[in-house]
Amino acid sequence: MNFTRLLILFLAFILIRCTPSIDKTNPIFDRKTPLKKRIGLAIESDLLTKLDFPEGLKDSVYAFYKSRDFKPVWANDSVLTEKGRNWKELTNYPCALGLPDNRLFTFKEDSLSHTSIIQEFLLTARLAQLQQDLKVGFLDTSTNNYRPIVSIDIKTLNKSVRQMDTVKNWGYWFAQMGPARPEYRALAIGLFQYASKKKFSDIHFEVPALVDDSLRSLELAEESLIDKGYLDPKKTDSASFWEAMARFQADNGLKADGVIGIYTRKALDESERYKCHRAILSMERWRWRAPFPERYLWVNIPEYKLRIFYNDSMLSEHRVVVGKPENQTPQLSSRLRAIVSLPYWTQPQSIASKEFLPAIQRNSNYAAKNHYKVYRGETEVDPTTINWKRYKEKNFPFRVRQEPGHDNALGLVKFEFNNKFGVYIHDTPSKGFFNKDIRAYSHGCVRCQMPDSLARFILTRDDKQKMTRDSLDTLIARKEHFSIALRKPIPLQLDYITVVADENGKLIFFPDVYDRDEKYLKMMKIYPKVD
């Protein structure tokens, strides 16, 4: 083992010794020589290879300067211009631009790194990388790593360089480099305002539950609020503390009630750096999305919201309840194809064996009371004739179906779409859950608030639909089970984006209720750290 390690170190040393060195007496670094001429000499001598610039990026930078006859952008013969200094300052805060703080490429630095010629090339390369990453993304999910930095479009780079002279709103300008989705652009602008000229704390807290250690819980909650900028360390009286806590909860998608519950603790634990990278990941998720059509239905699971869009304008919004962490609502794309009035509910076998069976073993009248029918194959069986104690979860042979009605688990309206998970959007008799901040209580389906309103909205706009909104009302009033096929199915997306910008452009960090961000943050090499 020791020999192997020594061999690796020796080979690394040889590689370093073999890397082309930079001749500091080279005319490239002579300030008396015009920078334009030195750029040409640098390209001719392949300076960027000696500096370990990424291959594809290096070729793009060379092509860029050749396209403009070696004219510099960021520097004069000796120092950076105001444009160069401004751009360099912006690149010192990559998170504000929408990139992970460890994404910008590194290069071989030495005493010449701050010379005008190297800074000229570096700032162009930084813009080229940013432009590419914001357009196509920086994560390669097939390799669980960052994408390699490749060559970029020279015309677009030249256009960006020209635009920078007149930019008045940098957040908006960077947002335009990514997808045209208004949600993405609002998020990008909000992130620039949130992260600009800001170094983020990497402290991860571990706030205990109040019932376990109330003193330590309040102590660490206070430290976290101070660390995150919500509480003035010189003003930590009770009123200031609870006011800061309420603001913090609102910014994290939680009810501003001052209660230090499980999700408030989770938000307090999270470091500011980790949280900022969740926003960056949310922007990356938007880049993975195919362009939406002119009308579609979108559910954002962590936000607990359903929205319907026509001609890229949101026309209706509904609160939703999604699956519990142990029964997660899947991410999927499909097409809403039918609206069902007074639906039946056939319980999935997992629910029937885990929940219905224990319930009817405790109470033989459970099936009748809750309007369930029991089937063996296609034959209905009287539940009172079955010895339920003979059965366990693994040998449960029955199919259980709940009859339509106000107490049906699917409520009065169901929205059907094809998917391999057996989930759908539906009404619910349990309306109280819509008043909660964290609405993860279902078995995986999406429960929708005011589903009849959503159904009427869809039917009114369904081309050549014979069943009108009044027809749906009549079906519900008659308590009639009926499936209304949509003439023009609506594209549907169940999505998972934890950070959004509100109507005022402020970032809201919703709890990562299923911990799905963690996988991708690990790809970005962003980990929670304990201080």
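Keep in mind that what you see is a predicted model, and the values were worked out from it rather than measured.

**A look at the overall build of the protein chain**
Right, on to step 1. If you tally the helices and strands in the protein chain, you get 19 helices and 17 strands.
Right, on to step 2. Expressed along its principal axes, the backbone C-alpha trace of the protein chain runs to roughly 100 × 60 × 55 Å.
Right, on to step 3. The buried share of the protein chain, reckoned over its 531 residues, is 50%.
Right, on to step 4. The long-range share in the protein chain, meaning contacts at least 24 apart out of those at least 6 apart in sequence, stands at 67%.

**Description of the packing of aromatic side chains**
Right, on to step 1. Within this structure, the stated rule accounts for 31 aromatic pairs.
Right, on to step 2. Ring centres 6.2 Å apart and planes at 20° place the aromatic pair Trp 388 and Phe 396 in the stacked group.
Right, on to step 3. Overall, Trp 388 belongs to the buried group, its relative accessible area being 6%.
Right, on to step 4. Taken together, the aromatic side chains of Phe 356, Tyr 366, Tyr 372, Trp 388, Tyr 391, Phe 396 and Phe 398 make up a single cluster linked through ring pairs.
Right, on to step 5. A cation sits over an aromatic face here: Lys 83 above Trp 74, 5.6 Å from the ring centre.
Right, on to step 6. Residue placement shows Lys 414 over the ring face of Tyr 424; its charged tip is 4.7 Å from the ring centre.

**Observations regarding the pattern of salt bridges**
Right, on to step 1. In total, this model carries 32 salt bridges according to the counting rule given.
Right, on to step 2. Lys 58 is paired through a salt bridge with Glu 55; the nearest N and O atoms lie 2.9 Å apart. Within this pair, Lys 58 and its partner Glu 55 are both found in helix α4 (residues 55-67), separated by three residues, close to a single helical turn.
Right, on to step 3. On the basis of relative accessible area, Lys 58 is assigned to the buried category, the value being 6%.

**Re the environment of Tyr 304**
Right, on to step 1. Along the chain, the position of Tyr 304 falls in the loop between β3 (295-300) and β4 (305-310).
Right, on to step 2. Setting aside residues up to four positions removed in sequence, Tyr 304 forms contacts with His 318, Arg 319, Val 320, Val 322, Asp 437, Ile 438, Arg 439, Ala 440 and Val 513.

**Focus: the confidence of the model for the protein chain**
Right, on to step 1. On average, the protein chain scores 92 in pLDDT, and the residues at 70 or more come to 95%.
Right, on to step 2. Note that residues 12-19 has pLDDT below 50 and, in this model, two contacts with residues that lie over four places away or in other chains.

**Structural notes on the packing of helix α7 (residues 116-136) against helix α8 (residues 154-163)**
Right, on to step 1. Contact geometry of α7 with α8 gives a least axis separation of 10 Å together with a crossing angle of 115°. If you check the angle between α7 and α8, you find them roughly perpendicular. In the crossing of α7 with α8, the sense of the turn from one axis to the other is right-handed. Where α7 approaches α8, its residues Thr 124, Leu 127, Ala 128 and Gln 131 are matched on the opposing element by Thr 156, Leu 157, Ser 160 and Val 161.
Right, on to step 2. In the contact of α7 with α8, the residues fall into four nonpolar, four polar and no charged.

**Points about the sheet that holds strand β8 (residues 372-376)**
Right, on to step 1. One open sheet holds the four strands; their spatial order is β7-β10-β8-β9, and the pairing between them is antiparallel. Edge positions in the sheet fall to β7 (345-346) and β9 (379-381), since each has one partner strand and no second.
Right, on to step 2. Examined bridge by bridge, β8 and strand β10 (residues 399-402) share four bridges and lie antiparallel to one another. In the sheet register, Tyr 375 faces β10, and the bridge partner there is Arg 399.

**A look at the nonpolar core**
Right, on to step 1. Residues Trp 74, Trp 87, Ile 117 and Phe 121 are the most contacted members of the largest nonpolar core, which totals 85 residues.
Right, on to step 2. The dominant element in this core, judged by the number of residues it contributes, is α7, at 10 residues.
Right, on to step 3. Among residues more than four places away in sequence, those in contact with Trp 87 are Trp 74, Leu 97, Leu 123, Arg 126, Leu 127, Leu 130, Met 164 and Phe 174.
Right, on to step 4. Listed in part, the 59 residues of the second largest apolar core include Leu 357, Phe 417, Tyr 424 and Ile 458.

**Let's talk about the pairing of β8**
Right, on to step 1. Where β8 meets β9, three bridges bridge the pair, whose relative direction is antiparallel. Note on β9: the bridge partner recorded for Arg 376 is Thr 379.
Right, on to step 2. Between β8 and β9, which pair antiparallel one after the other, the connecting turn spans two residues, and Gly 377 there sits at a positive phi close to 70°.

**Describing the environment of His 114**
Right, on to step 1. As for its position among the elements, His 114 is in the loop between α6 (94-97) and α7.
Right, on to step 2. A relative accessible area of 61% places His 114 in the exposed class.
Right, on to step 3. Excluding its chain neighbours within four sequence positions, the residues that come into contact with His 114 are Lys 88 and Gln 119.

**Examining a nonpolar patch on the surface**
Right, on to step 1. On the surface, Leu 210, Leu 218 and Trp 242 cluster together to form a nonpolar patch covering roughly 230 Å² of accessible area.
Right, on to step 2. Examined against the element boundaries, Leu 218 turns out to sit in helix α11 (residues 214-227).

**Examining α7**
Right, on to step 1. With 21 residues, α7 extends 30 Å between its outermost C-alpha atoms, agreeing within 8% with the 30 Å of an ideal straight helix rising 1.5 Å per residue.
Right, on to step 2. Gly 137 sits one or two positions beyond α7 and adopts a positive phi of about 100°.

**Considering the side chain of Arg 38**
Right, on to step 1. Examined against the element boundaries, Arg 38 turns out to sit in helix α2 (residues 35-44).
Right, on to step 2. Among buried charged residues, Arg 38 stands out as having no salt bridge; its nearest opposite-charge side chain is Asp 77, 4.8 Å away.
Right, on to step 3. Among all residues touching Arg 38, those that are not within four sequence positions of it are Pro 27, Ile 28, Phe 29, Asp 30, Arg 31, Thr 33, Asp 77, Ser 116 and Ile 117.

Scoring rules and cut-offs
- Residues numbered from 1 in each chain as written.
- Predicted model: local features only at pLDDT ≥ 70, side-chain atom pairs only at ≥ 80, totals over all residues.
- Heavy atoms only, no water.
- Helix = DSSP H or I, 4+ residues; strand = E, 2+ residues; numbered from the N terminus.
- Buried < 20%, exposed > 50% of the residue type's maximum accessible area, 1.4 Å probe, protein only.
- Contact = heavy atoms within 4.5 Å.
- Phe/Tyr/Trp six-rings, centres within 6.5 Å; stacked < 30°, edge-to-face > 60°.
- Lys NZ or Arg CZ within 6 Å of the ring centre and 35° of its normal.
- Salt bridge = Lys/Arg side-chain N within 4 Å of Asp/Glu carboxyl O.
- pLDDT = per-residue confidence, 0-100.
- Axes fitted to C-alpha atoms, helices over the stretch in contact; angles between N-to-C directions.
- Parallel < 35°, antiparallel > 145°, perpendicular 65-115°, else oblique.
- Left-handed = near helix turned anticlockwise from the far one by under 90°.
- Nonpolar A, V, L, I, M, F, W, Y, C, P; charged D, E, K, R; others polar.
- Pairing = 2+ DSSP bridges.
- Core = buried A, V, L, I, M, F, W, Y, C linked by side-chain atoms within 4.5 Å.
- Patch = residues over 30% accessible without salt bridge, like charges linked within 9 Å, V, L, I, M, F, W, Y side chains within 5 Å.
- Areas by Shrake-Rupley, 256 points an atom, 1.4 Å probe, with all protein chains shown as cover.
- Expected span 1.5 Å × (residues − 1).
- Lys, Arg positive; Asp, Glu negative; His and termini not counted.

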